[in-house]
Amino acid sequence: MATKEFKAPEMLRTGDPTGFCPGCGHGTVGRLGFEVLDEMGLLEKSISVYDVACDSLYMWAIDTDCVGTAHGRAIATAAGVKRVRKDCPVWAYVGDGASYSIGFQHTVWSAVRNENITVVIINNGVFGMTGGQMAPTTLIGQKTTSSPAGRRADVNGYPMDITKILTGQDIAYLARGSIDTVANINKTKKYIRKAFEKQMNNEGFSLVEVLAPCPTNWGLSPHDSLERIRNEVMEVFPIGEYIERGVK
Amino acid sequence: MAQIIYDKKRCKGCHYCVDACPKKIITVSGELNDKGYEVVEFDEAQCIGCGSCYTICPDYAITIIKED
């Protein structure tokens, strides 16, 4: 008799509840990362690097080793942590606000140097913790607290697509997932697993961007937020695998 | 046959599981938990143990144990 268990890692299930808003994508994406590490038997050894953003709330939700960094410097710090602890799986778990605006140089230069780390970026189109200001990934026409009339291409430019910016870079892995449906969550988990496997094989920089909802700052219900990802966000940011070293 | 372990205390009432369930056996119960979020209820007898609700739950409130 085979038993199949759908169970979050022990530390997540029994620890304090997360501090995220109802329907927040961080709860799912973070779990995928920790689940993958748990399945690979690396959770105890792992070092998570958080930014000053909603993702840092995981410091209180799970008892793995972690580093809380200055805003936007999580990827640079993760590269440093990996250089001195080569045996540990190191991942930077960051938001789009930090990694694409204030810390963009670290995202790009860590990729150019091909640092052997895994980066998981939440793309929810806003700066979540500070109150929903416009981020580089905010869609055209999207209303935020700093663009109350909607983002305009002639004033603010177009949404930033990391897969276009890192095109042609000699990195180990680049993919974009989404958590709007169960099927896409499972797909995203496979991407994250591949990213960690590449790191453990010392292949270099791996980045997975995940489209996630922010119901609070989008002003939508959790249900409508997932609809919005399906109908609007995925039109601009198509999901899939973009770079995989050794695979054409 | 599948066993559902539902931790009401962790639930934040986003009701993603209600939409994700392929058998539509998860319903909004009208009951509130300690934090004031509206929790859900399960028709356990009809559960097929696919784990969709576990996969979509952002708050680790649902555990599914499926026995073949």
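In this text the structure is predicted, and so the values were computed from the model without any measurement.

S.K.: For this particular structure, what's the right way to read the overall build of chain A?
M.R.: When you go through chain A residue by residue, the secondary structure sums to 11 helices and 10 strands. Relative to its length of 248 residues, chain A is compact, with a C-alpha radius of gyration of 17 Å against a globular reference of 18 Å. For chain A, the spread of C-alpha atoms along the principal axes amounts to about 50 × 40 × 35 Å. Burial analysis of chain A (248 residues in total) assigns 55% to the buried set. The long-range fraction of contacts in chain A, counting pairs at least 24 apart against all pairs at least 6 apart in sequence, stands at 69%. Split by element, the accessible area of chain A, about 10,200 Å² in all, is 53% carbon and sulfur. For chain A, the separation between the mean place of its 26 positive charges and that of its 27 negative charges on side chains is 4 Å.

S.K.: What am I meant to see in empty space enclosed by the protein here?
M.R.: Regions of empty space are outlined by a rolling probe, equal in size to a water molecule, passed over the atoms. All names here are of chain B. Using the criterion set out here, one finds four cavities of 30 Å³ or more in the structure. Put simply, the largest cavity is a space of about 110 Å³. Forming the walls of the largest cavity are 15 residues, and the residues nearest its centre are Cys21, Ile25, Cys47, Cys50 and Cys53. Here the residues of the lining of the largest cavity are counted per class, giving 11 nonpolar, three polar and one charged. Roughly 90 Å³ of volume is contained in the second largest cavity. Class assignment of the residues belonging to the lining of the second largest cavity gives a composition of nine nonpolar, two polar and two charged.

S.K.: Honestly, the packing of aromatic side chains in this entry has me stumped. Any pointers?
M.R.: Each pair of aromatic rings is reported with the distance of its centres and the angle of its planes. Residue and element names in this part refer to chain A. The final tally for this structure, using the stated rule, is nine aromatic pairs over all chains. Where Phe34 meets Trp91, the ring centres are 5.3 Å apart and the plane angle is 90°; that geometry is what we call edge-to-face. One end of the pair, Phe34, is in helix α2 (residues 26-39); the other, Trp91, is in strand β4 (residues 90-95), with 57 residues separating them in the sequence. Arranged with centres 5.7 Å apart and planes meeting at 70°, the rings of Tyr58 and Tyr93 form a pair that is edge-to-face. With Tyr58 in helix α3 (residues 58-61) and Tyr93 in strand β4, the pair connects residues that are 35 residues apart, well separated along the chain. Looking at Tyr58, the relative accessible area reads 0%, which means it is buried. Looking at Tyr93, the relative accessible area reads 1%, which means it is buried.

S.K.: Got a minute to help me understand the interface of chain B and chain A in this structure?
M.R.: By a frequent convention, interface size equals the accessible area lost on bringing the separate parts together. Residue-level contacts link 26 residues of chain B with 36 residues of chain A. Around 2,500 Å² of area is buried between chain B and chain A when both sides are counted, 56% of it from carbon and sulfur atoms. The largest per-residue losses of area from chain B upon contact with chain A belong to Tyr16(B), Tyr54(B) and Tyr60(B), which jointly make up 29% of the total buried on that side. Linking chain B with chain A are zero salt bridges. Inspection of the region where chain B meets chain A yields 19 residue pairs in polar contact (both at pLDDT 80 or more). Per element, the largest residue contribution to the side of chain B that touches chain A is six residues, and it comes from strand β4 (residues 62-67) of chain B. For strand β1 (residues 3-6) of chain A and β4(B), the ladder comprises four bridges, and the chain directions are antiparallel. Among the inter-strand pairings, Phe6(A) is bridged to a residue of β4(B), identified as Ile64(B).

S.K.: Any chance you could explain the pairing of strand β3 (residues 38-42) of chain B here in plain terms?
M.R.: In the case of a regular strand, side chains alternate between the two sheet surfaces. Residues and elements named next belong to chain B. With four bridges joining them, strand β2 (residues 26-32) and β3 adopt antiparallel strand pairing. Pairing of Val28 across the sheet is with Val40, part of β3. Remark: five residues form the turn of the hairpin made by β2 and β3, two consecutive strands paired antiparallel; Gly36 in that turn has positive phi of roughly 90°.

S.K.: Would you take a moment to explain the sheet that holds strand β1 (residues 2-6) of chain B for this structure?
M.R.: Strands pair in a sheet through their backbones, by hydrogen bonds, and they do so in one of two ways: parallel or antiparallel. Spatial ordering of the open sheet is given by β1(A)-β4(B)-β1(B), a layout of three strands whose pairing is antiparallel. Each having just a single partner strand, β1 of chain A together with β1 of chain B make up the two edges of the open sheet. The sheet shows a mean angle of 10° between the axes of neighbouring strands, direction not considered.

S.K.: Just checking my understanding: could you explain the sheet that holds strand β9 (residues 206-211) of chain A for this structure?
M.R.: All names here are of chain A. Taken together, seven strands build an open sheet; the order of strands is β3-β2-β4-β5-β9-β8-β10 and the sheet is mixed. Taken across any chain shown, the strands that pair with only one partner, and hence form the sheet edges, are β3 (65-68) and β10 (240-244). Put simply, the sheet's adjacent strands are angled 15° from each other on average, direction ignored. The pairing of β4 with strand β5 (residues 118-123) spans five bridges and is parallel. By the bridge assignment for β5, Gly95 is matched with Ile122.

S.K.: What's the story with the side chain of Thr28(A) in this structure? I'm lost.
M.R.: The topology assignment puts Thr28(A) in helix α2. Non-local contacts of Thr28(A), meaning those with residues more than four positions away in its chain, are made with Ile179(A), Ile185(A), Thr55(B), Ile56(B), Cys57(B) and Pro58(B).

S.K.: How should helix α6 (residues 104-112) of chain A be read in this particular structure?
M.R.: In an α-helix, one full turn covers 3.6 residues, which means residues spaced three or four apart are oriented alike. Residue and element names in this part refer to chain A. By the burial criterion, the buried members of α6 are His106, Thr107, Val108, Ser110 and Ala111. Each element contacted by the buried residues of α6 is listed here: α4 (74-84), α5 (96-102), α8 (162-165) and β9. Residue Asn114 follows α6 closely and has a positive phi angle near 55°.

Calculation rules
Residues numbered from 1 in each chain as written. Chains lettered and ligands numbered in written order. Predicted model: local features only at pLDDT ≥ 70, side-chain atom pairs only at ≥ 80, totals over all residues. Heavy atoms only, no water. Helix = DSSP H or I, 4+ residues; strand = E, 2+ residues; numbered from the N terminus. Rg over C-alpha atoms; globule rule 2.2 N^0.38 Å. Buried < 20%, exposed > 50% of the residue type's maximum accessible area, 1.4 Å probe, protein only. Contact = heavy atoms within 4.5 Å. Areas by Shrake-Rupley, 256 points an atom, 1.4 Å probe, with all protein chains shown as cover. Lys, Arg positive; Asp, Glu negative; His and termini not counted. Charge placed at Lys NZ, Arg CZ, Asp CG, Glu CD. 1 Å grid on protein atoms, 1.4 Å probe; cavity = no way out; pocket = protein on both sides within 12 Å on 5 of 7 lines; lining within 4 Å. Points joined across faces, edges and corners; volume = space filled by probe spheres on them. Nonpolar A, V, L, I, M, F, W, Y, C, P; charged D, E, K, R; others polar. Phe/Tyr/Trp six-rings, centres within 6.5 Å; stacked < 30°, edge-to-face > 60°. Buried area = accessible area lost by both parts, 1.4 Å probe. Salt bridge = Lys/Arg side-chain N within 4 Å of Asp/Glu carboxyl O. Polar contact = N/O pair within 3.5 Å; in protein donor to acceptor, adjacent residues only side chain to side chain. Pairing = 2+ DSSP bridges. Axes fitted to C-alpha atoms, helices over the stretch in contact; angles between N-to-C directions.

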